[in-house]
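Given next are the chains, with one letter for each unit.
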Amino acid sequence: MAPAYGIRWHYGFYPTTLLEHAIVITVLVFAIEWWRSHERLVWRSPYVIPTLVFVVAGAISVVTAPSLTAGLGLYRAYLLEPIAFALVLMNVLRTAQRAALVAAGLGVGATVAGLANSYVVFSGLVHHTYQVTESPPVVIYMTANAVALFVVPIVALALSLALYGSDLRQRWIAAAFVVIGTEITALSFSRGGYLALAAVVLVAVLLHPRRWVMLALAVVALAAVAVIPPIRHRIVIETQNVYGNTVQSRIDLWTAAVKLIEHRPILGAGLSGFQTRGAPYYTHLHTLANFIDPHNIVLNFWVETGLLGLIAFTWLMVVGFMNTWKGWREASADWAPFHLGVLLALVAVVVHGMVDVPYFKNDLSLLFWTMIGLTLAGRQWGARGATMKLPQTPG
């Protein structure tokens, strides 16, 4: 349901989405089941303190935002709801089989949204209605970059399951999605997506026991994709001073964000505030209409949630890398691939985040916290020698 945030309506003054309904229903059902089971709520983890700091930073950014209404909307969609969902996963995913269902759900959502987008792009190429110097056409998402931002972290998770999954059927299904996700990323023509996917593959093969053979295969595969004429042309554009080159717009965005931060170093612009408060700092005003964030992971969090939010998210990422690495090394065989998959997904977030916005969107914030929920569940229930007591149901 992650891509379903585009289906929107209002209850009076209250705006909502289909995705929000799915999350809220999930959390409510969990709350009822947890209350009926009389079990202890599992919540302690190294993520607790940085998460609380992140929530506080977000609340401050709502108060300081140019629009309180818009800030509140982003606060619940980007922080409160996905964090609550991660807490549900931490308690519910007590077996690797349940975690695999969540991974499969992500794969289905990415496949439906991604293939729909791939179809219109491929059709445009075949019928010569789309040139790679232009922004690619889209179906469900607002931009083609948004497709790669959502799909590549899921490809990272699937790649780990394909390499190390304890169940043969799971490995084949994951491998199939790696192929599909790679095709979707290729036809998104997102150059940030290409970089993120290459980084994920590189880290994955370097951690593999047969790393040199895998590295050679990976280089051949990536090179084969890169020489496909439309993809090669899309990449080469970045070395030329022509329409479609995104370097200048990124420099303009980053320059404006830095100037804004110089004037508001502690609070930033507030949630949803960059487009309004960044306007005086643009050198090319046409950029203002196209971008609502600075398109850099550090600047994004600093501008949206202030210095405190940047510190909190950096803290979360450091904890994430440390815990997923430890889980990969120490977890049971059926859980270890999930930890490595989340580690690779975090690599994708960082690399793609250098040139884009890998968090501040409904599906991306949910995806991030779903990944965190997966690794939290694995650490809680999947340590070697860990015992588990599933709740008993009457009858």
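Basis of the calculations
- Residues numbered from 1 in each chain as written.
- Predicted model: local features only at pLDDT ≥ 70, side-chain atom pairs only at ≥ 80, totals over all residues.
- Heavy atoms only, no water.
- 1 Å grid on protein atoms, 1.4 Å probe; cavity = no way out; pocket = protein on both sides within 12 Å on 5 of 7 lines; lining within 4 Å.
- Points joined across faces, edges and corners; volume = space filled by probe spheres on them.
- Helix = DSSP H or I, 4+ residues; strand = E, 2+ residues; numbered from the N terminus.
- Nonpolar A, V, L, I, M, F, W, Y, C, P; charged D, E, K, R; others polar.
- Phe/Tyr/Trp six-rings, centres within 6.5 Å; stacked < 30°, edge-to-face > 60°.
- Buried < 20%, exposed > 50% of the residue type's maximum accessible area, 1.4 Å probe, protein only.
- Core = buried A, V, L, I, M, F, W, Y, C linked by side-chain atoms within 4.5 Å.
- Contact = heavy atoms within 4.5 Å.
- Salt bridge = Lys/Arg side-chain N within 4 Å of Asp/Glu carboxyl O.

Q: I tried to follow empty space enclosed by the protein on my own but got confused; where do I start?
A: In this approach a probe as big as a water molecule rolls over the atoms, and the regions it shows empty are the leftover space. In this structure the tally under the stated criterion is three cavities of 30 Å³ or more. The calculated volume of the largest cavity comes to roughly 100 Å³. Around the largest cavity, the lining comprises 14 residues; the ones closest to its centre are Leu149, Pro153, Val349, Pro358 and Leu367. Counting only elements with at least two residues in the lining of the largest cavity, the list comes to helix H5 (144–164), helix H13 (336–353) and helix H14 (362–381). The dominant element in the lining of the largest cavity, judged by the number of residues it contributes, is H13, at five residues. Size it by volume and the second largest cavity reaches roughly 40 Å³. Residue lining of the second largest cavity: Thr17, Leu19, Glu20, Ile23, Ala77, Glu81, Asn362, Ser365 and Leu366, and that is the complete set. Counting residues per element, the ones that place at least two in the lining of the second largest cavity are helix H1 (18–37), helix H3 (68–92) and H14. A class-by-class count of the residues in the lining of the second largest cavity yields four nonpolar, three polar and two charged.

Q: How should the packing of aromatic side chains be read in this particular structure?
A: One pair of aromatic rings is described through two measures. These are the centre distance and the angle between the planes. Going through the model one piece at a time under the given rule, you end up with 18 aromatic pairs. Relative to Tyr359, the ring of Phe54 lies with its centre 5.9 Å away and its plane at 70 degrees, an arrangement referred to as edge-to-face. Separated by 305 residues along the polypeptide, Phe54 in helix H2 (residues 48–63) and Tyr359 in the loop between H13 and H14 bring together distant segments of the chain. Taken as a pair, Phe54 and Tyr359 share a single burial class, namely buried. Look at Tyr130 and Phe189: their rings are 5.9 Å apart centre to centre, the planes differ by 45 degrees, and that puts the pair in the tilted class. A residue pair is termed long-range when its members are at least 10 positions apart, and Tyr130 in the loop between helix H4 (96–126) and H5 and Phe189 in the loop between helix H6 (168–188) and helix H7 (191–206) qualify at 59 residues. Phe189 matches Tyr130 in its accessibility class, with the two residues each being buried. An aromatic cluster of at least three residues, connected via ring pairs, comprises Phe54, Tyr78, Phe301, Phe313, Tyr359, Phe360, Phe368 and Trp369.

Q: When you look at unusual backbone geometry in this model, what are you seeing that I'm missing?
A: In terms of backbone geometry, most residues other than glycine have negative phi values and most peptide bonds are trans. You will see that Ser272, though not glycine, has its phi angle at about 70 degrees, which is positive. If you trace the backbone, Ser272 turns up in the loop between helix H10 (247–263) and helix H11 (274–277). Its identity is not glycine, yet His295 carries a phi of approximately 60 degrees, on the positive side.

Q: I'm lost on the nonpolar core in this one. Help?
A: Note that soluble globular proteins tend to have their nonpolar side chains buried in a common cluster. By size, the foremost hydrophobic cluster in this structure holds 90 residues, and its most contacted members are Phe54, Phe313, Phe338, Tyr359 and Trp369. Here this core gets 16 residues from one element, more than from any other, and that element is H5. Ignoring any residue separated from it by four or fewer positions in sequence, one finds Phe54 in contact with Leu79, Phe301, Thr305, Gly309, Ala312, Phe313, Leu316, Tyr359 and Trp369. Counting residues in each nonpolar core, the second largest holds eleven residues, with Leu253, Ala256, Ala269 and Val303 among its members.

Q: Help me understand the pattern of salt bridges, please; the structure alone is not making it clear to me.
A: Pairs can form between side chains of opposite charge whenever their charged atoms are close. Considering all chains together, one arrives at seven salt bridges under this definition. Between Glu33 and Arg36 there is a salt bridge, with its nearest N and O atoms 3.7 Å apart. Of this pair, Glu33 and Arg36 both sit in helix H1, three residues apart, which is roughly one turn of that helix. The class for Arg36 is exposed, based on a relative accessible area of 53%. Note that Lys361 and Asp363 form a salt bridge whose closest N and O atoms lie 2.8 Å from each other. The residues Lys361 and Asp363 share a single accessibility class, namely buried. One connected set of salt bridges, linked through shared partners, spans Glu20, Arg76 and Glu81.

Q: I tried to follow the layout of surface pockets on my own but got confused; where do I start?
A: Here the second largest pocket is characterised by a volume of approximately 520 Å³. For the lining of the second largest pocket, the element with the most residues is H4, which contributes nine residues. In the lining of the second largest pocket, the residues fall into 14 nonpolar, five polar and three charged.

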